[in-house]
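As a plain string of letters, each chain reads:
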Amino acid sequence: MKTTKIHIILFCLSIFVLFSCNQKKEAKIESITIDQPKMVLDLLDLQKNDKLGKDTLVTVINDPVYHKTKKYQAVSASDIVKNEVDLSKIKIKNTIIVFECIDGYKPEMPLELFLKAKPYLAFKDVDAPKDSNWERIVKNGNEMNADPFYLVYTSVSANNQEYKWPYNVIKFHLEPKNKNIVALQPKDNETTMKGFTLFQKHCITCHAINGIGGEMGPELNYPKNVTEYWKENELIDYIVNPASFRHKVKMPTLGITKQQSEEIIDYLKYMSERKKSD
Ligand code: HEC
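Everything quoted here is computed from the prediction, not taken from an experiment. (Residues numbered from 1 in each chain as written. Predicted model: local features only at pLDDT ≥ 70, side-chain atom pairs only at ≥ 80, totals over all residues. Heavy atoms only, no water.)

**So, the overall build of the protein chain**
Okay, step 1: Secondary structure assignment for the protein chain yields nine helices and twelve strands.
Okay, step 2: The burial tally for the protein chain puts 40% of its 278 residues in the buried class.
Okay, step 3: A separation threshold of at least 6 residues defines the contact pool for the protein chain, and within that pool the share at least 24 residues apart is 62%.
Okay, step 4: Carbon and sulfur atoms make up 53% of the accessible area of the protein chain, which totals about 17,000 Å². (Helix = DSSP H or I, 4+ residues; strand = E, 2+ residues; numbered from the N terminus. Buried < 20%, exposed > 50% of the residue type's maximum accessible area, 1.4 Å probe, protein only. Contact = heavy atoms within 4.5 Å. Areas by Shrake-Rupley, 256 points an atom, 1.4 Å probe, with all protein chains shown as cover.)

Here it is in structure tokens:
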């Protein structure tokens, strides 16, 4: 009699364990609850309405854009988010902050990391020439400046890729962490996963697929997938070294190997059969 009881208990336990494992796999992506209008912070609007907070002078040692020590007039970027968004209403751990730049570049980082890093929004370069707010930035033969805002840190190493230092920033977006992954991840195909992971890491800040991603470079899937109009061997080489194809190219050389380039192209081909406009 006793043994049967134990058996029943063990049986129930194993069912429970099995059930909870399954649950985990199918767990829904939790969405953040946040008032719609506050999802996007328009920094120029806030500046116009005098809502950027108090000015301070910050010193950045080894600035990654100017490659030297720099001084800026700035405001606290984390205070802007704290003042404009009720953080008690959102799940900070499940949220990313996306920095929208004038040219469509859209790097992102976890909101939690951003809030802890003491980020500053610089609006004026102390060493700027008289006719400008900034020293000029020269990149691949293109000249530009950091207007209107440049995101900097005083206590974070510029070598740490987790922290983003975008300039020409105009908006902050708060979004659920998994939004892009859910929409663009290969669902029924494991071989394209490698390419997908590489694309998330190196490309999505500048390129969209089905309208999701950055806008500095062209959308790569809709209406025509880039693999439909480029010769494959040329495309492989282009992704490895864009400057060997185009003069004054804006797309950087990202350190992608030939094999990684092929994996990304496998993923792009896979997405060409899954086109959707945004
Ligand atoms: C910093 C932004 C940036 C990043 C990161 C970037 N690209 Fe680009 N890409 C561009 C821009 C801008 C262009 C348009 C041509 C130019 O000016 O360089 C471009 C052009 C392209 C083109 C040619 C499109 C066409 O229709 O001719 C392809 C293909 C491409 N990129 C693929 C990639 C892939 C794959 C990655 C990731 C490994 C990537 N890019 C990362 C900015 C970027």
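Further notes follow.
**Quick look at the site of the ligand**
Okay, step 1: The environment of the ligand is formed by 23 residues, the closest being Cys 203, Cys 206, His 207, Tyr 229 and Met 251.
Okay, step 2: His 207 is positioned with one of its side-chain polar atoms (N or O) 2.8 Å from a nitrogen atom of the ligand.
Okay, step 3: Between an oxygen atom of the ligand and a side-chain N or O atom of Arg 246, the distance comes to 3.3 Å.
Okay, step 4: For the shell around the ligand, the secondary structure elements donating two or more residues are helix H7 (226-229) and helix H8 (232-240).
Okay, step 5: The dominant element in the shell around the ligand, judged by the number of residues it contributes, is H8, at three residues.
Okay, step 6: In the shell around the ligand, the residues fall into 17 nonpolar, four polar and two charged. (Near = heavy atom within 4 Å. Polar contact = N/O pair within 3.5 Å; in protein donor to acceptor, adjacent residues only side chain to side chain. Nonpolar A, V, L, I, M, F, W, Y, C, P; charged D, E, K, R; others polar.)

**What to know about the packing of aromatic side chains**
Okay, step 1: Here the structure, examined in full by the defined rule, presents 13 aromatic pairs.
Okay, step 2: Between Phe 99 and Phe 172, the ring centres sit 5.6 Å apart and the planes meet at 75°, which makes this aromatic pair edge-to-face. Of this pair, Phe 99 sits in strand S4 (residues 95-101) while Phe 172 sits in strand S10 (residues 169-176), and the two are 73 residues apart along the sequence. Pair check on accessibility: Phe 99 and Phe 172 agree, each one buried. (Phe/Tyr/Trp six-rings, centres within 6.5 Å; stacked < 30°, edge-to-face > 60°.)

**What about the coordination of the iron atom of the ligand?**
Okay, step 1: Taken together, His 207 (NE2) and Met 251 (SD) make up the full set of protein donors to the iron atom of the ligand, lying 2.0 to 2.2 Å away.
Okay, step 2: The coordination sphere of the iron atom of the ligand comprises six donor atoms, whose angles at the metal cover 87 to 177°; the geometry is octahedral. Of this pair, His 207 sits in the loop between helix H6 (193-202) and strand S11 (208-209) while Met 251 sits in the loop between H8 and helix H9 (258-272), and the two are 44 residues apart along the sequence. Pair check on accessibility: His 207 and Met 251 agree, each one buried. (Donors = N, O, S within 2.8 Å, 3.2 Å for Na, K, Ca; no water. Tetrahedral: all angles 85-135°; square planar, octahedral: opposite > 155°, others 65-115°.)

**So, the side chain of Ser 272**
Okay, step 1: Structurally, Ser 272 is set in helix H9.
Okay, step 2: In this structure the side chain of Ser 272 is engaged in a polar contact, spanning 2.5 Å, whose partner is the backbone oxygen of Lys 269.
Okay, step 3: Ignoring any residue separated from it by four or fewer positions in sequence, one finds Ser 272 in contact with Asn 221, Asn 225 and Glu 228.

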